[in-house]
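# Observations on chain architecture
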Amino acid sequence: MDEFFMKRALELARNGSERVKPNPMVGAIIVKDEKVIGEGYHEFYGGPHAEVNAFRSLNGSAEGCTIYVTLEPCCHYGKTPPCVNAIIENKIKRVVIGSIDPNPIVSGRSVNILKEKGIEVTTGVLEKECTDLNKEFNKYISEKQGKE
Ligand SMILES: [Zn+2]
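Most of strand 4 (residues 94–99) is tucked away: 6 of the 6 residues are buried. Relative to strand 4, strand 3 (residues 66–71) is paired through 5 bridges, and the arrangement is parallel. If you follow Tyr68 over to strand 4, its bridge partner there is Val96. Crossover connection from strand 3 via helix 3 (residues 83–89) to parallel strand 4: handedness right-handed. Taken together, the 4 bridges between strand 4 and strand 5 (residues 120–123) define a ladder with parallel strand orientation. Within strand 5, the residue paired with Arg94 across the bridge is Glu120. After leaving strand 4, the chain enters helix 4 (residues 109–116) and then returns to the sheet as strand 5, a path that is right-handed.

What follows is the structure, given as structure tokens:
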């Protein structure tokens, strides 16, 4: 089941494609009783993150739900407030992560913050696919920078 929902999150992530540069593509879905009740992706650079868009798409509460995210949620203030805060505030019960954020200011830290709050965290679901999504992106960015 985790892989099934992560696959859906990956499909969503790809919708962001070119417009999220230089941010990574990220998809998120919120699941309640094995049903998708909310979904979102990082749509454009500087815009709300996938997790936030997923929460915004909800009709009701996310309390007790599971959120699937292709990339570890952020825990620092960038252009938007940290997504770990949104996950905690929305009373999510379980977080399923595809790949850990390679960014050293996040890497594994968000997982620890969530666990400290008593949230169940599963990592490495479709990790290769989720990492590959960013690998292509990273490769593209470095090639682009080389030209400029
Ligand atoms: Zn975020």
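What follows is about the coordination of the zinc ion. Around the zinc ion, the protein contributes the donor atoms His49 (ND1), Cys74 (SG) and Cys83 (SG), at 1.9 to 2.3 Å from the metal centre. Between the donor residues of the zinc ion, the gaps in sequence give the motif H-x24-C-x8-C. Taken together, the residues span a long stretch of sequence, with His49 in the loop between strand 2 (35–41) and helix 2 (50–56) and Cys74 in the loop between strand 3 and helix 3 at a distance of 25 residues. Of the residues examined, His49 reaches a relative accessible area of 22% and is grouped as partly exposed. Under the relative-accessibility criterion, Cys74 is labelled buried at 7%.

Definitions and cut-offs
Note that residues are indexed from 1 along each chain, following the sequence as it is written. Two thresholds apply to this predicted model, a pLDDT of at least 70 for residue-level local features and 80 or more for giving and counting side-chain atom pairs, whereas whole-chain, interface and lining totals are computed over all residues. Only hydrogens and water are removed before side-chain values are computed, so all heavy atoms of the structure are retained for them. Throughout, exposure labels follow a simple rule: accessible area from a 1.4 Å probe, protein chains only, divided by the maximum for the residue type, with under 20% read as buried, over 50% as exposed, and the rest as partly exposed. Put simply, DSSP H or I for four residues or longer makes a helix, DSSP E for two residues or longer makes a strand, and each gets a number counted from the N terminus. Whether two strands pair depends on DSSP finding at least two bridges between them. Crossover handedness is defined here as right-handed if the route from the first strand over the helix to the second strand goes clockwise, with the strands pointing away from the viewer. As a rule, N, O and S atoms within 2.8 Å of a metal are its donors, except that Na, K and Ca use 3.2 Å; water is not among the atoms, so sites may look incomplete.

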